[in-house]
Amino acid sequence: PTATRLYVTYQLGGPSEVRVFDLDGAPQNGPQQPVVSAVRDLTPLTGDDVLFEVESFVAPGAYYRFSPRTMKSEKSALAESSPVKFDDIEVRREFAVSKDGTKVPVSILARKGTKRDGSNPCLVTGYGGYGICIMPGFRAGLRVLFDRGFIYAVANLRGGGEYGETWHQQGNLTEKQNVFDDFAAVLRHMIGRGYTSPESLAITGGSNGGLLMG
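Numbering of residues starts from 1 in each chain and follows the order in which that chain's sequence is written. Owing to the predicted nature of the model, reporting of local features is limited to residues with pLDDT of at least 70; listing and counting of side-chain atom pairs is limited to 80 or more, with chain, interface and lining totals taken over all residues. Working from all heavy atoms in the structure, the side-chain values ignore hydrogens and water.

Q: So what's going on with the nonpolar core? Residues and values would help.
A: As used here, the term nonpolar core means buried Ala, Val, Leu, Ile, Met, Phe, Trp, Tyr and Cys residues forming a set that is joined through side-chain atoms within 4.5 Å. When a residue's accessible area, from a 1.4 Å probe over protein chains only, is under 20% of the maximum for its type it is buried; when over 50% it is exposed; and in between it is partly exposed. Of all hydrophobic cores here, the largest spans 20 residues; its most connected members are Ile108, Val124, Ile151, Leu157, Phe183, Val186 and Met190. Listed by contribution, the elements that provide at least two residues to this core are strand S9 (103–111), strand S10 (122–125), strand S11 (151–155), helix H3 (177–192) and helix H4 (208–213). Numbering goes from the N terminus for both helices and strands, where a helix is a DSSP run of H or I of at least four residues and a strand is a run of E of at least two. Ranked by residues supplied to this core, first place goes to H3 with six residues. Contact definition: two residues touch when any of their heavy atoms are within 4.5 Å. The contacts of valine 186, once residues within four sequence positions are left out, are Ala96, Val104, Val106, Val124, Ala155 and Leu157. Counting residues in hydrophobic clusters, the runner-up holds eleven residues, among them Phe86, Leu109, Tyr152 and Val154.

Q: Explain the environment of leucine 187 to me, using residue names and the numbers behind them.
A: Within the fold, leucine 187 resides in helix H3. Note on leucine 187: relative accessible area 16%, which makes it buried. For the pair leucine 187 and glutamate 80, spaced 107 residues apart in sequence, the C-alpha to C-alpha distance is 32 Å. Excluding anything up to four places from it in sequence, leucine 187 contacts Val124, Leu201 and Ile203.

Q: Give me the lowdown on the pattern of salt bridges, citing residues and values where you can.
A: Criterion for a salt bridge: a side-chain nitrogen of Lys or Arg within 4 Å of a carboxyl oxygen of Asp or Glu. Summed over the entire model, instances satisfying the criterion amount to eleven salt bridges. Residue glutamate 17 pairs with arginine 19 through a salt bridge whose shortest N-O separation is 2.6 Å. Assessed through its relative accessible area of 31%, arginine 19 is described here as partly exposed. One salt bridge connects arginine 40 with glutamate 55, and the closest N-O pair in it is separated by 3.0 Å. Taken as a pair, arginine 40 in strand S4 (residues 37–44) and glutamate 55 in strand S5 (residues 50–56) lie far apart in primary sequence, 15 residues in all. Residue glutamate 55 is classed as buried on the basis of its relative accessible area, which comes to 13%. Within this structure, Asp88, Arg111, Arg143 and Asp147 form a network of salt bridges that share partners.

Q: Go over the sheet that holds strand S2 (residues 16–22), please, and point to the residues and values.
A: Should DSSP find at least two bridges between two strands, the strands are taken to pair. Taken in spatial order, the three strands of this open sheet run S1-S2-S3, and their pairing is antiparallel. Edge positions in the open sheet fall to strand S1 (5–11) and strand S3 (27–28), since each of these has one partner strand only. When S1 meets S2, the two strands line up antiparallel, connected through seven bridges. Considered in S2, the bridge of tyrosine 7 is made with valine 20.

Q: Quick one: what's the story with H3, residue by residue and with numbers?
A: Within an α-helix, residues lying three or four positions from one another point in the same direction, as the helix has 3.6 residues per turn. If you check H3, its first and last C-alpha atoms are 22 Å apart, about what 16 residues at 1.5 Å a residue would give, namely 22 Å. For H3, every residue scored as buried is listed here: Asn178, Val179, Asp181, Asp182, Phe183, Ala185, Val186, Leu187, His189 and Met190. Looking one or two residues past H3, glycine 194 carries a phi angle of roughly 80°, positive in sign. Under the convention used throughout, the expected extent of a helix is 1.5 Å for every residue step, that is, one less than its residue count.

Q: Give a detailed account of the environment of histidine 189, specifying residues and quantitative values.
A: Tracing the backbone shows histidine 189 in helix H3. Those residues within four positions of histidine 189 in sequence are excluded, and the remaining contacts are Glu94, Phe95, Ala96 and Val106.

Q: I'd love a proper account of the pairing of strand S8 (residues 89–97), names of residues and values included.
A: Note: S8 against S9, nine bridges, orientation antiparallel. Note on S9: the bridge partner recorded for valine 97 is lysine 103. The hairpin formed by S8 and S9 contains five residues between the paired strands, and glycine 101 there has a positive phi angle of roughly 95°.

Q: Describe the side chain of serine 37, listing the residues and the values that go with them.
A: Locating serine 37 in the fold gives a position in strand S4. Serine 37 gets classed as buried once you look at its relative accessible area, which sits at 1%. Polar contacts, as used here, are pairs of N or O atoms within 3.5 Å; protein pairs need one atom able to donate a hydrogen and one able to accept it. Residues neighboring in sequence count only if both atoms are side-chain atoms. Of note is the side chain of serine 37, whose polar atom sits 2.8 Å from the backbone oxygen of proline 34. In contact with serine 37, not counting residues within four places along its chain, are Pro15, Ser16, Val54, Glu55, Ser56 and Pro136.

Q: Give a detailed account of the side chain of serine 107, specifying residues and quantitative values.
A: Inspection of the secondary structure puts serine 107 in strand S9. The class for serine 107 is buried, based on a relative accessible area of 2%. Engagement of the side chain of serine 107 in a polar contact is seen with the side chain of arginine 93, the distance being 2.8 Å.

Here you go:
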């Protein structure tokens, strides 16, 4: 809360955004944010101004000051830098259909102009556990893959917290099979949409995601 506003972060299946309301709950105009990004650390400043961090798959984290008086978001000096640029990378947000019909979101990163002819090497990752949201994040090391024609995809699987507690419980304990089915559906989606082929597809994951890979 600020003097006359309430700033709220909304989780949207992996990506998140800031929404603004007055103190009676009526929606107000908010800051412009990159598509498919993660918003963190809302901090009230003077008046109705607020500081928040934004990070995306193609830009490292940076803090912005938003003022409803000017409707502008000004980038602060609190910003990470990167030795590489992702200006040539586009991010697509698509949905695979799991075994039980559930739509599973996946973020797909590729160089602009990449052809979907099934010939691209592709690396897919996921987690799907403990109510943890896998949010957009900048990884400079992916530049090495992109320069070699790779497509990189991040699946937001059940078991995580991307759509709330129900989404978590649908991939928990005796429902764990749903997580594996979701990931398999994402892999079939990447092949069926022509992004890659079975021979050119690799998977990676750590911790709970390592169980998923097994």
